[in-house]
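Notes for the structure review
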Amino acid sequence: MWNNSVELLFTLGLLVAFAGCSPSSPAPAAAPVTAESESVKNYPAYGNVKKMDDRLDALIAPGQRMELLGSGYDWSEGLVWVDEYDFLLFSDIPKNKVHKWSEAEGVTDYLEPSGFTGAYSSSKEPGSNRLVIDPAGKLLLCQHGDRRIARMEAPLDAPEAKFTTVVAEYEGKRLNSPNDAIYHQNGDLYFTDPPYGLPGVGESSSKELDFQGVYRLPADGGPLQLLTKELDRPNGLAFTPDHQHLIVGNSDRANWNWTKYPVKPDGSLGAGKVIWEQQTWADEGVGGPDGMRMHSSGHLFATGPGGVLVFHPDETLLGIIKTGQKTGNVTFDGEEEYLYINADSLLLRIELLPLTK
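Sequence order as written defines residue numbering, which begins from 1 separately in each chain. Totals for whole chains, interfaces and linings use every residue, but because this is a predicted model, local features are given only for residues with pLDDT of at least 70 and side-chain atom pairs only at 80 or more, for both listing and counting. Calculated side-chain values reflect all of the structure's heavy atoms, with hydrogen atoms and water omitted.

Details of the environment of Ala58
Under the convention used in this document: We count a stretch as a helix when DSSP gives it H or I for four or more residues in a row; a strand needs E for two or more, and each element gets its number in order from the N terminus. Throughout, exposure labels follow a simple rule: accessible area from a 1.4 Å probe, protein chains only, divided by the maximum for the residue type, with under 20% read as buried, over 50% as exposed, and the rest as partly exposed. Every residue pair with non-hydrogen atoms within 4.5 Å of one another is taken to be in contact.
Checked against the element boundaries, Ala58 lands in the loop between strand E2 (48–51) and strand E3 (66–71). The partly exposed category is assigned to Ala58, whose relative accessible area is 40%. C-alpha separation for the pair Ala58 and Leu355, spaced 297 residues apart in sequence, amounts to 6.8 Å. If sequence neighbours within four positions are ignored, Ala58 has contacts with Leu353, Pro354 and Leu355.

Here is the structure:
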């Protein structure tokens, strides 16, 4: 995923937070939002929502805006909600660090290093990307720098940078830099492996595979299975609520799209169908297909141009949550009351309405 270091941190947003203007209005820089600098009950309002279909009103109240929970990150990514302890974790990939956010404490440091455990890396994105809670309640990290998916062996409430490799190779060759990962309801782990964490990215001399794959790691301990290598930059993942289809975002700038694959009984994928192409909405703002999450109702929240695109289960674009930044990932809390958003240097959230599932 991309690292867009924003020199003028809030040129596109902070005046919204403090003066109610549009995300494109210029504003002075501000100190990072932490539990000490900002009341956890009074976060600044930020951005806006562009409605394209009236059905969006059932999911996001008209006039609802985001809240600015934190700022000052190099490239925030990979967030996951931890139901057991009621907190959020997210990566700062260039900083090789994981942060924690909770309603009680705001943003605090959680884990360092997170994605590269060696002495030196020339990668611009050595840290962890997507974070996942595995079926045993452990934290899994897509580690760019170490080129693997690893498990943190320490408890979630007492983190330590002690990791066990879950998967690091395909047919004896090192993976590129695992990016996003998701569990099927049967316990199989699906993940994408673009080259964004490699020094030189796709042209890296350390690249051992001549493709970028989507993979399945069977829960029964079977060998790693390559599902497809047809996407040049496979990125975000989401299963439909019935787990019968897998949606994969392709962040190749020459062919930005989302592809939907049927999941066969043996866990492999059938022929993919491109269901949305970003070029249709390319004038909405910066950013492209990256992380995504599927709401239990079948609505898909997918990062894309301008922020977060909200799709109806019938694949109609309902609207865009406009962050004004390149937006990397999203996740829900356990009750789907909020959508949390990684938008470049920012951590945001927006309240959702209860929706009949």
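Once the structure has been displayed, the description carries forward.
Some thoughts on the nonpolar core
The test is simple: Grouping buried Ala, Val, Leu, Ile, Met, Phe, Trp, Tyr and Cys residues that are joined through side-chain atoms within 4.5 Å yields what is termed a nonpolar core.
Counting 21 residues, the largest nonpolar core has Phe301, Ile321, Leu339, Ile341 and Leu348 as its most contacted members. Every element with two or more residues in this core is listed here: E3, strand E24 (307–311), strand E25 (317–322), strand E26 (327–332), strand E27 (338–343) and strand E28 (346–351). With sequence-adjacent residues up to four places away left out, Ile341 is seen in contact with Met66, Leu79, Val308, Ile321, Thr323, Thr327, Asn329, Val330, Leu346, Leu347 and Leu348.

A few points about the sheet that holds strand E19 (residues 245–250)
Defined as follows: By definition, two strands form a pair when at least two bridges between them are found by DSSP. Throughout, an axis means a line fitted to C-alpha atoms (over the contacting stretch in the case of helices), and angles, computed between N-to-C directions, take values from 0 to 180 degrees.
Spatially, E18-E19-E20-E21 is the arrangement adopted by the 4 strands of the open sheet, whose pairing is antiparallel. At either margin of the open sheet sits one strand with a lone partner, and together these are strand E18 (234–239) and strand E21 (273–277). Shown here is a sheet whose adjacent strand axes are inclined to one another by a mean of 25°, direction ignored. Inspection of the sheet shows strand E20 (residues 257–262) paired to E21 by 4 bridges, in the antiparallel sense. Bridged to Asn257 within E21 is Glu277.

Focus on the side chain of Asp134
The condition that has to hold: What qualifies as a polar contact is a pair of N or O atoms within 3.5 Å, subject to a donor-acceptor requirement within protein and to the restriction that residues adjacent in sequence count only when both atoms come from side chains.
Examined against the element boundaries, Asp134 turns out to sit in the loop between strand E8 (128–133) and strand E9 (139–143). Within polar-contact distance, the side chain of Asp134 engages the side chain of Arg151 at 3.4 Å. Beyond its immediate chain neighbours, meaning those up to four positions away, Asp134 contacts Leu140, Arg151 and Tyr183.

Things to note about the layout of surface pockets
Rules: Method remark: on a 1 Å grid restricted to protein atoms, a set of points is classed as a cavity if a 1.4 Å probe fits but cannot get out and as a pocket if it is open with protein on both sides within 12 Å along at least five of seven lines; lining residues have an atom within 4 Å of a point. Grid points are joined across faces, edges and corners, and a volume is the space filled by probe spheres set on the points. Here the term charged refers only to Asp, Glu, Lys and Arg, the term nonpolar to Ala, Val, Leu, Ile, Met, Phe, Trp, Tyr, Cys and Pro, and the term polar to all other amino acids, Gly among them.
One number sums up the size of the largest pocket: a volume of about 780 Å³. Lining of the largest pocket is provided by 31 residues; of these, Val80, Arg130, Ile182, Arg293 and Thr331 occupy positions nearest its centre. Among the secondary structure elements, those contributing two or more residues to the lining of the largest pocket are strand E4 (76–82), E8, strand E14 (181–183), E18, strand E22 (292–294) and E26. Across the lining of the largest pocket, the residue classes break down as 17 nonpolar, 7 polar and 7 charged.

Any functional reading would require information that these geometric values do not contain.
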